[in-house]
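# A look at the structure
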Number of protein chains: 2
Amino acid sequence: MALIAPIDASFLLMETREQPMHVGGLQIFQLPDGAGPDYVGDLYRRLLTYDTLRGLYRRRPSMPSNILGDLWWKDERDKDVDLEYHVRLSALPKPGRVRELLELVSRLHGTLLDRHRPLWEFHLIEGLEDNRFATYGKVHHALVDGIRGTQESAGQYSPDPAAELPPMWAPRDKPASARTKAESSTERRAPWRAAAELVGDVAGVAPTLMKVFTDSISKDSAAVAFTAPKTMLNVSLTGARRFAAQSWPIDRIKKVAKANGATINDVVLAMCSGALRRYLVANDALPTKSLIAAVPVALPVADTSREGGNAVTMVLSRLATEIADPLERLTAIRASMLTAKESMAGRSTLQINAVGMATTIVPTGLNLIPGYVAYGRTPYNLVISNVPGPREPLYWNGARLLGWYPVSVPTEGLALNMTVLSYADNMEFGLTGCRRSVPHLQHLLDYLEDSLAELEQ
Amino acid sequence: MALIAPIDASFLLMETREQPMHVGGLQIFQLPDGAGPDYVGDLYRRLLTYDTLRGLYRRRPSMPSNILGDLWWKDERDKDVDLEYHVRLSALPKPGRVRELLELVSRLHGTLLDRHRPLWEFHLIEGLEDNRFATYGKVHHALVDGIRGTQESAGQYSPDPAAELPPMWAPRDKPASARTKAESSTERRAPWRAAAELVGDVAGVAPTLMKVFTDSISKDSAAVAFTAPKTMLNVSLTGARRFAAQSWPIDRIKKVAKANGATINDVVLAMCSGALRRYLVANDALPTKSLIAAVPVALPVADTSREGGNAVTMVLSRLATEIADPLERLTAIRASMLTAKESMAGRSTLQINAVGMATTIVPTGLNLIPGYVAYGRTPYNLVISNVPGPREPLYWNGARLLGWYPVSVPTEGLALNMTVLSYADNMEFGLTGCRRSVPHLQHLLDYLEDSLAELEQ
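If you're wondering where the values come from, they're calculated on a predicted model, not measured in any experiment. (Residues numbered from 1 in each chain as written. Chains lettered and ligands numbered in written order. Predicted model: local features only at pLDDT ≥ 70, side-chain atom pairs only at ≥ 80, totals over all residues. Heavy atoms only, no water.)

## Let's talk about the packing of helix α8 (residues 250–259) of chain A against helix α9 (residues 264–282) of chain A
All names here are of chain A. Where α8 meets α9, the axes come as close as 9 Å, and the angle between the chain directions of the two elements is 105 degrees. Here α8 is positioned roughly perpendicular relative to α9, judged by the angle of their axes. Along the contact surface, α8 presents I250, I253, K254, V256 and A257, while α9 presents I264, V267 and M271. Taken together, the residues of the contact of α8 with α9 sort by class into seven nonpolar, no polar and one charged. (Axes fitted to C-alpha atoms, helices over the stretch in contact; angles between N-to-C directions. Helix = DSSP H or I, 4+ residues; strand = E, 2+ residues; numbered from the N terminus. Parallel < 35°, antiparallel > 145°, perpendicular 65-115°, else oblique. Contact = heavy atoms within 4.5 Å. Nonpolar A, V, L, I, M, F, W, Y, C, P; charged D, E, K, R; others polar.)

## Section: helix α2 (residues 39–47) of chain B
Within α2 of chain B the residues assigned to the buried category are Y39, V40, G41, L43, Y44 and L47 of chain B. Those residues of α2 of chain B that are buried are in contact with α3 (83–86), β5 (87–91), β6 (120–128), β7 (132–140), β12 (395–396) and β13 (399–407) of chain B. (Buried < 20%, exposed > 50% of the residue type's maximum accessible area, 1.4 Å probe, protein only.)

## Comments concerning the sheet that holds strand β4 (residues 72–75) of chain A
Residue and element names in this part refer to chain A. What the three strands build is an open sheet, ordered β1-β4-β3; its pairing is antiparallel. Only two strands of the sheet have a single partner each, and these edge strands are β1 (2–3) and β3 (59–61). Note that β3 and β4 share three bridges and pair antiparallel. Following the sheet pairing, R59 is matched in β4 by D75. (Pairing = 2+ DSSP bridges.)

## Side note on the interface of chain A and chain B
Each partner contributes residues to the interface: chain A has 33 residues there, and chain B has 33 residues. Regarding the contact of chain A and chain B, the summed buried area is about 2,900 Å², with carbon and sulfur atoms giving 39% of it. Between the two partners, chain A and chain B, sit four salt bridges. Across the pair E15 of chain A and R17 of chain B runs a salt bridge whose closest N-O atoms are separated by 2.8 Å. Put simply, chain A and chain B have 16 residue pairs in polar contact (both at pLDDT 80 or more) between them. Going through the elements one at a time, α3 (83–86) and β5 (87–91) of chain A are the ones with two or more residues in the side of chain A that touches chain B. It is β5 of chain A that provides the largest number of residues to the side of chain A that touches chain B, a total of four residues. (Buried area = accessible area lost by both parts, 1.4 Å probe. Salt bridge = Lys/Arg side-chain N within 4 Å of Asp/Glu carboxyl O. Polar contact = N/O pair within 3.5 Å; in protein donor to acceptor, adjacent residues only side chain to side chain.)

## Considering the relation of the copies chain A and chain B
Mapping chain A onto chain B leaves a residual RMSD of 0.0 Å; the transformation is a rotation of 180 degrees accompanied by 0.0 Å of translation along its axis. What the rotation and shift describe, once combined, is the action of a two-fold rotation axis. Using C-alpha coordinates, one finds that chain A approaches the rotation axis most closely at A91 of chain A, a distance of 2.7 Å. Looking at chain A, 100% of its interface residues are interface residues in chain B too, so the copies touch through the same face. (Least-squares fit on C-alpha atoms with pLDDT ≥ 70 in both.)

## Details of the packing of aromatic side chains
According to the stated counting rule, one finds 24 aromatic pairs over all chains in the structure shown. Taking the centre distance of 5.2 Å and the plane angle of 40 degrees together, the rings of F29 of chain A and W396 of chain A count as tilted. On the criterion of sequence distance, the pair formed by F29 of chain A in strand β2 (residues 22–30) and W396 of chain A in strand β12 (residues 395–396) is long-range, its members being 367 residues apart. You'll find F29 of chain A and W396 of chain A in the same group, each marked buried. Ring plane angle 70 degrees and centroid distance 6.0 Å describe the contact between F122 of chain A and W396 of chain A, whose orientation is recorded as edge-to-face. Placement of the pair is F122 of chain A in strand β6 (residues 120–128) and W396 of chain A in strand β12, with a sequence separation of 274 residues. We classify W396 of chain A as buried; its relative accessible area is 2%. Just above the ring of Y85 of chain A sits the side chain of R117 of chain A; from NZ or CZ to the centre is 4.3 Å. Of note, R88 of chain B hangs over the ring of Y85 of chain B, and the distance from its end group to the ring centre comes to 4.5 Å. (Phe/Tyr/Trp six-rings, centres within 6.5 Å; stacked < 30°, edge-to-face > 60°. Lys NZ or Arg CZ within 6 Å of the ring centre and 35° of its normal.)

## Concerning the pairing of β5 of chain A
All names here are of chain A. Counting buried positions along β5 gives five out of five residues, so the element sits mostly inside the fold. Burial along β5 is two-sided: V87, L89 and A91 facing one way and R88 and S90 facing the other are all buried. Pairing geometry for β5 and β6, over five bridges, is parallel. Bridge assignment links A91 to a residue of β6, and that residue is E126.

## Overview of the pattern of salt bridges
Scanning the entire structure with this criterion turns up 46 salt bridges over all chains. In this structure, the salt-bridge partner of D82 of chain B is R117 of chain B, at a minimum N-O distance of 3.6 Å. Here D82 of chain B is found in the loop between β4 (72–75) and α3, whereas its partner R117 of chain B is found in the loop between α4 (98–110) and β6, with 35 residues between them in sequence. Judged by its relative accessible area of 2%, R117 of chain B is buried. Taken together, the salt bridges that share partners define one network made up of D82, D114 and R117 of chain A together with E103, R107 and R435 of chain B.

If you want it as structure tokens, here you go:
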């Protein structure tokens, strides 16, 4: 039994049918050459033989039906974990396009994890056309944040097609040959792993934590806060989810950034902004004021007392959605991000985190108060995370990882989340929304392409 | 807006993550001759064109997140129902055996219905081997009981392979030719439909209803109550479900009944009893006292004031699980059922229902009181329902209905439910259990066969 840290407990306490609090990831793989029709089924049966589990994958709330019980973790013994419950084989209906895959992932992401068991599921999915298959994993936010979840997945992959690694829930206790490959792969991943701490815990905190952050808020740097317009995205949630995902070549984005003196992150924000503008116009719901995005960023810091030495915080950026011209919009976003970062420069890590939390995460807690979403003010309209990932192609026991999309957590009052992961030569966009409040979510994929094409012209 | 009847509201109020309160059904069909590879996909797209819905399928709690809101129904407009959310296409992983189908149905039955939407789902499932496909439907118990659910499914089927009927959620407004076939089919179903009212509302009632029934309890006829042993089946629930199903020829059961002067229902109970005995022995958990089953029965009545004129109640029957000899066991079950029925004879419908409710359903309500399952006494160990169904083979738009299995509701303290539906020449057993508390549920299928084979010898 171990005490659940307050922030982790908050993710359990704030979870409802309408707001499942797990983070997920979708991976698409190429079947290896010569893979037979039973490849995925055989892989599934092999995965089930890994029945020794790491602590993270044996952990559940001590008293699942009791709110007080949420405050202690219980670590199950291996033999008490029903591995076939957690690791599941599914199939896509014909014709097995990405469309059918996204539909299945939308369903899987919308159901609650069972608190009577360790808080994770791993789905192996066959029937994807063009000799591909997929995996979808979900882990409760009380156990991992988006980054740690990404790292957990990454631990299974190797740049070496010949490497054989145990699945994420199993200890790294393979023969020495495989271990060497795994470790070298880990080292090669180290740079992006540090950078990846960017994304932070953005899904929300319990109201009990608010006072701490409110006390330490620095008013001037929070200037942009509390000015976001109310939009169709800032409404109450229902439990069902819609997930859409697509890859864009980093080179296309990089060229636009270079031509305009902007960062890659600025261009990602501009793509999202242009797509949101089109989406809101199509729904006759574009506000006259700019949408505000909460964006996790890393900052140079004087105080390195924090473990890891990275200052991870959230800044608020205007998305300039009221501006029709795409390049003008990019310029406005770039300026807004620069101002936000400058206002933070020179502060200690602790201050920066406190400011970031107070202006971004804390107001999200307010959304949990009944009626607040309907009548309160919205500090920002959505979270847009850009997570640096591994730049080399990876393999899962010989199957090449083609695409890797984050499946994130919409929260009460924030019905859409846009998370972007860079992997190999692509930027992988994962859009997760409330199925009711964000209709035709998949149209945003077309609008993202339109938006990038406009910036290229 | 319409007031939700108290008993229906109780099914909403008592629902938790651990105790989803929906009833379900699994149907297996033969693909019609000449069906192409896109048959199921085409059928799915055709089903989605039925976007005018009957009231039952547009109904949801008025305020889903609010307990008080559960007391009123809101009827959505057709255009506000997201039909693609409710009607879903799924596929089985290879090799697509019944095993993979039962695994999928177990998962689907374990997830909660979304209260922000009308309380039903309908799943079309492709990839079942031997040129078959399947459907699984679930509807909240607050909207229908097991019988009404069965009737809703039946409304889609016809004994005429050429008949084309709308899906259950659509009004019966097809061309006259189809309508005539539908109506004649309904008439032919009438006898079993009346008998089918047997199954009753067995899933439980809210504690607030208890006093009414307690006041009218007649002590002598409740003699068998409160004597059931505590077993491994009478424990707290977790949210995950396991479902197993199999068909047995009615002729086999009928022969055993005839040879022993018993009813078909007695033999069904004896099969269940023998299977449970083997299962408990295998788990080293056979109690020395007999298990007690709650069994819905129809009784001859003097008072016909109740609509329909049927007296539907529950009786408690000893399952004689402590007796090793199968024929002795059958004799003991027969005697117990006779006593239970005799003690009810001559009473008015109202009395019978009150007695039935007080001895069976009401104690189930007690199980909802925290700690009661762990420390309280158990009035019975499980519900075994035997529902008479249609005796002629049915078709769904040309696809022959091969098997039809009820997927029922385990409740707190009652981790296993056995429901049997007669259809065509078979008795269709559907076993629904808590995945954790009833391990290896599927072994009960083998034990049912063993049990019937013993009785035949």
